[in-house]
Amino acid sequence: MANKGWDEFEIGAMLRSFDGKVDECSAFTPQRDRNYSENNSHVASVADWRLIKPVFNKDYCIDCQFCWVYCPDVSIISRDKKLIGVDMDHCKGCGICVEVCPTNPKSLLMFPEQADEETELANWPAKDEEK
Amino acid sequence: MLEIRWHSRAGQGAVTGAKGLADVISTTGKHVQAFAFYGSAKRGAAMTAYNRVDDKVIMNHEKYMEPDFVFVIDPALAITTDITINGKDTTKYIITTHLSTEELIKIQPKLEGKEVYTLDCITIANETIGRAIPNTPMLGAFMKISGMYDIEFFKESMQRVLAKLPQKIVDANMVAIQRAYDEVK
Amino acid sequence: MAFDKMELRDIEVWDGNHAAAQAMRQCQIDVVSAYPITPSTPIVEGYAKFKSDNYVEGEFVMVESEHAAMSGCIGAAAAGGRVATATSSQGLALMVETLYQASGMRLPIVLNIVNRALAAPLNVNGDHSDMYLCRDSGWIQFDAFSPQEAYDLNFIAFKVSEDHDVRLPAIVNQDGFITSHTAQGVYTMADDDAYNFVGEYKPMNDMLDFENPVTHGVQTEEDWHFEHKARQHNDMMTKVSPKIEEVFSDFEKLTGRKYNQVECYDMDDADVAVVCMGTSVETAREVATEMRAKGLKAGVVGLRVVRPFPFAEIGNALKDIKAVAALDRSAPGGAAGMLFNEIAGSLFNTDSKMLLSGYIYGLGGRDLLKSHLVDLFNELQANADAGKVLTQQQQFIGVRGPKLAYL
């Protein structure tokens, strides 16, 4: 947010979520099409907070939505109840999605931020027979 | 300026009585004040309430008062407290008691030489209203002693003031007021 | 939901509490969230009775503390409703944290404070300690000297507070017991006239406006906090006073009752004057008139608006007065009294030769006697005659024991 002077903002430390009016319930509009205001956290990337990142392997995903429910930053992107990826602008790398993933092997695993996604997917661990 | 001090116990209706009197007087175009001193006192604790009446707006908010009338609506307070405090030579005392005026003055010598009127508001209230709420009888006695208003006008006005109560209670209060008016001496 | 209107007589004999409760009823408030405390209890008790008797359409929320009462008011105000409550003393002290939230969030809430001493020692009677406690909280503060004014100032407070240029919460002060429990004649307004004066509530940035979603109660830290507080102070200093003048004028047109930010009584040719608040103003006026009959040119200044402090109006009222007494009804806690300081500030760096002395009086409901004020006016006249303050600058009125004087 721009460093405005004291006379340049709306009173009351009140922030608007969107620029302009919302015609219908915003839940029906995909995030990418919503007219977020500059004050909305949607436009503020926290990607640089991340030391480790989740990698998603759709081969094992059962679309149980646990990761979507538990993600504290609403960074699991789900469409029609199918996980399609992770919002890497807002993921802080906490690893909760991996912790709650019930598949064997897990469909989400944490790797160092600099790891190459293609390589890690190619070397994905096999099913753990002892479990 | 007419000033009245009530001596009462919390729960006997001195505040309601003072406010009711103020309400009636206000309808005749005079300015009124009714207030009380009770702090966080419990039911039964001794307390005082006050009335001021004047032709012009009352600006004095002193709690201190040299009253023209002192109303005592609890029989013990005439004996256990100094009801003559800050009194003037002309102050009139209307006291509820089962004693005669002479008997009362014998027990409370401070009343010697004062203009004292007595009646038994407690008995009147018990026999008419059915509870020891001696505030409205005191006002009936006050009408007699002060000659402030015609008793019929006063009773009519009090019916309006008491209108929120059940009609039976209002009627009993009217009887109590009239009895006090007739019995005070 | 339909609600009933109430027929009032032109003059009703009401105490200050009932007057405030009636005004709240007539303003058609959306939400009252309250926790009762002496001596303000009959305000919310009376309002709750109006609600149960179907004279009120809005919500009445019973909560577990004064902190929760004001929190409820803040939530309801942010949601977009007309909101009010009442409290006193210890309750206000518990509420203080949320007072700063309300003003910082620019939410128009009306708070009736029935002024009472602060413990310890515990005391339910009237002084201005609680009023002073929240004087820097960013609320507009009005002060009533009588039940009539407690009634009138509620309407004025809503109208000023809810204005979109103002959007700051407002307190209506009245003296505990001496106003709140003293019945006097009150000139009433008919329900429709009263409501039309305040007008329909106009929401602003409200959370119930689903087309324009907003976040209230944000965190700012060092990068934004100062700008928000500066904006709030600027609006308090520049926008509130003109709005109050406008609303006072509208109110006079409707009722004939004229209010001023600084109420001057016999000040035009006065040599000596007392500045005070609450019921003391009226008692002092009566004494001033009696002093004039004795040849002493006495006047009285009553502070109607405590915040924003009317510096210019106080300065104008006092600049040519020879000797002035500032009467503070609050324990000063190691300083001069608030009125002493604000009055001194109003005339410092000017050509005024006013002699100022401060007095602490009436703590815990101690009676301010007319004889005290007679002595006070005589002391001021002696200062005026001598051309200097003959006493120390801070003295106590009506306290037992050896004389107290400081500064």
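Residues numbered from 1 in each chain as written. Chains lettered and ligands numbered in written order. Predicted model: local features only at pLDDT ≥ 70, side-chain atom pairs only at ≥ 80, totals over all residues.

Participant: Can you walk me through the overall build of chain B in this structure?
Facilitator: A tally of regular secondary structure across chain B gives seven helices and six strands. Scanning chain B from its N terminus toward the C terminus, one meets helices and strands in the order β-α-β-β-β-α-β-α-β-α-α-α-α. Radius of gyration (C-alpha) of chain B: 15 Å, near the 16 Å computed for a compact globule of 185 residues. Projected onto the principal axes, the alpha-carbon positions of chain B cover approximately 40 × 40 × 35 Å. Out of the 185 residues belonging to chain B, those deemed buried represent 46%. For chain B, the proportion of contacts with a sequence separation of at least 24, taken over those separated by at least 6, is 62%. (Helix = DSSP H or I, 4+ residues; strand = E, 2+ residues; numbered from the N terminus. Rg over C-alpha atoms; globule rule 2.2 N^0.38 Å. Buried ≥ 20, exposed ≤ 12 C-beta atoms within 10 Å, placed from the backbone. Contact = placed C-beta atoms within 7 Å.)

Participant: Even after reading the chapter, I still don't get the overall build of chain A, so can you show me in this structure?
Facilitator: A count of helical and extended segments in chain A gives three helices and five strands. The order of α-helices and β-strands along chain A, N terminus first, is β-β-α-β-β-α-β-α. Over its C-alpha trace chain A gives a radius of gyration of 18 Å, far above what one expects of a compact globule, namely 14 Å for 131 residues. With the C-alpha coordinates of chain A rotated into their principal frame, the extents come out at 65 × 30 × 20 Å. Buried residues in chain A amount to 15% of all 131 residues. Once local pairs closer than 6 in sequence are excluded, the contacts in chain A between residues at least 24 apart make up 54%.

Participant: Hey, could you run me through the interface of chain B and chain C in this one?
Facilitator: Often, the extent of an interface is quoted as the loss of accessible area on bringing the components together. At the junction of the two partners, chain B supplies 18 residues and chain C supplies 19 residues. Elements with a contribution of two residues or more to the side of chain B that touches chain C: α1 (14-26) and β2 (31-37) of chain B. Looking at the side of chain B that touches chain C element by element, the count peaks at six residues for β2(B). Tallied by class, residues from the side of chain B that touches chain C come to seven nonpolar, seven polar and four charged. Taken together, the two bridges between β2(B) and strand β8 (residues 183-187) of chain C define a ladder with antiparallel strand orientation. The partner of Ala34(B) across the bridge, within β8(C), is Ala183(C). (Nonpolar A, V, L, I, M, F, W, Y, C, P; charged D, E, K, R; others polar. Pairing = 2+ DSSP bridges.)

Participant: Would you take a moment to explain helix α7 (residues 191-198) of chain C for this structure?
Facilitator: Note on helix geometry: an α-helix contains 3.6 residues per turn, so any two residues three or four positions apart are oriented the same way. Residues and elements named next belong to chain C. Among the residues making up α7, those that are buried are Ala194, Phe197 and Val198. The buried residues of α7 occupy one face: seen down the axis, they fall within an arc of 95°. Away from its buried face by more than 90 degrees, α7 exposes Asp192 and Asn196. Buried-residue contacts for α7 involve α1 (16-26), α6 (147-161) and α9 (240-255). Phi turns positive one or two residues past the end of α7, at Gly199, with a value near 85°. (Arc of directions from axis to C-beta.)

Participant: Explanation requested: the sheet that holds strand β15 (residues 355-361) of chain C in the structure shown.
Facilitator: Two pairing modes exist for strands in a sheet, parallel and antiparallel, and in both the strands are linked by backbone hydrogen bonds. All names here are of chain C. Across the sheet, seven strands lie side by side as β10-β12-β11-β14-β15-β16-β17; this open sheet has mixed pairing. One side of each edge strand has no neighbouring strand; the edge strands of this open sheet are β10 (262-265) and β17 (405-406). Taken together, the six bridges between strand β14 (residues 323-328) and β15 define a ladder with parallel strand orientation. Across the sheet, Ala326 pairs through a bridge with Gly358, a residue of β15. Here helix α10 (residues 279-293) sits on the sheet in contact with β10, β11 (272-276), β12 (298-303) and β14, set at roughly 170° to β12. Helix α11 (residues 311-318) rests against β10, β11, β12 and β14 of the sheet, and its axis sits at about 15° to β10. (Axes fitted to C-alpha atoms, helices over the stretch in contact; angles between N-to-C directions.)

Participant: Can you walk me through the sheet that holds strand β5 (residues 92-96) of chain B in this structure?
Facilitator: Here we have eight strands laid out as an open sheet, ordered β6(B)-β5(B)-β4(B)-β1(B)-β3(B)-β2(B)-β8(C)-β1(C), and mixed in their pairing. Either end of the sheet is taken by a strand with one partner, and the two such strands are β6 (115-119) of chain B together with β1 (11-14) of chain C. Ignoring which end each strand starts from, the neighbouring axes of this sheet average 20° apart. Running over the sheet, α6(C) touches β1 and β8 of chain C and is turned about 45° from β8(C).

Participant: Sorry if this is basic, but what is going on with the environment of Gly333(C) here?
Facilitator: Within the secondary structure, Gly333(C) is located in the loop between β14 and α12 (338-347). A C-alpha to C-alpha distance of 31 Å links Gly333(C) and Thr238(C), two positions 95 residues apart in sequence.

Participant: Help me understand the arrangement of the chains in this model?
Facilitator: Ranking the two pairs of chains in contact by contact count places chains B and C at the top. At their nearest point, the C-alpha atoms of chain A and chain B are still 40 Å apart, with no contact between the two.

Participant: What exactly am I supposed to notice about the packing of helix α4 (residues 121-128) of chain B against helix α7 (residues 167-183) of chain B here?
Facilitator: A packed helix pair is summarised by two numbers, namely the angle formed by the two axes and the spacing between the axes. Residues and elements named next belong to chain B. Across the interface, α4 lies against α7 with an axial gap of 9 Å and an inter-helix angle of 150°. Where α4 crosses over α7, the handedness of that crossing is right-handed. Residues Cys121, Ile124, Ala125 and Thr128 of α4 touch α7, and the partners they reach there are Ala172, Val175, Ala176, Arg179 and Ala180. Partitioned by chemical class, the residues of the contact of α4 with α7 number seven nonpolar, one polar and one charged. (Left-handed = near helix turned anticlockwise from the far one by under 90°.)

Participant: For this particular structure, what's the right way to read the domain arrangement of chain A?
Facilitator: Here chain A is partitioned into domain 1 (12-44) and domain 2 (45-113). Computed from C-alpha atoms alone, the centre-to-centre distance between domain 1 of chain A and domain 2 of chain A is 24 Å. (Domains from an automatic or database assignment.)

Participant: It is not clear to me how the interface of chain A and chain C should be interpreted in this structure. Could you clarify?
Facilitator: At the junction of the two partners, chain A supplies 14 residues and chain C supplies 18 residues. Here strand β1 (residues 15-16) of chain A pairs with strand β9 (residues 214-215) of chain C via two bridges, running antiparallel. Across the sheet, Arg16(A) pairs through a bridge with Val214(C), a residue of β9(C).

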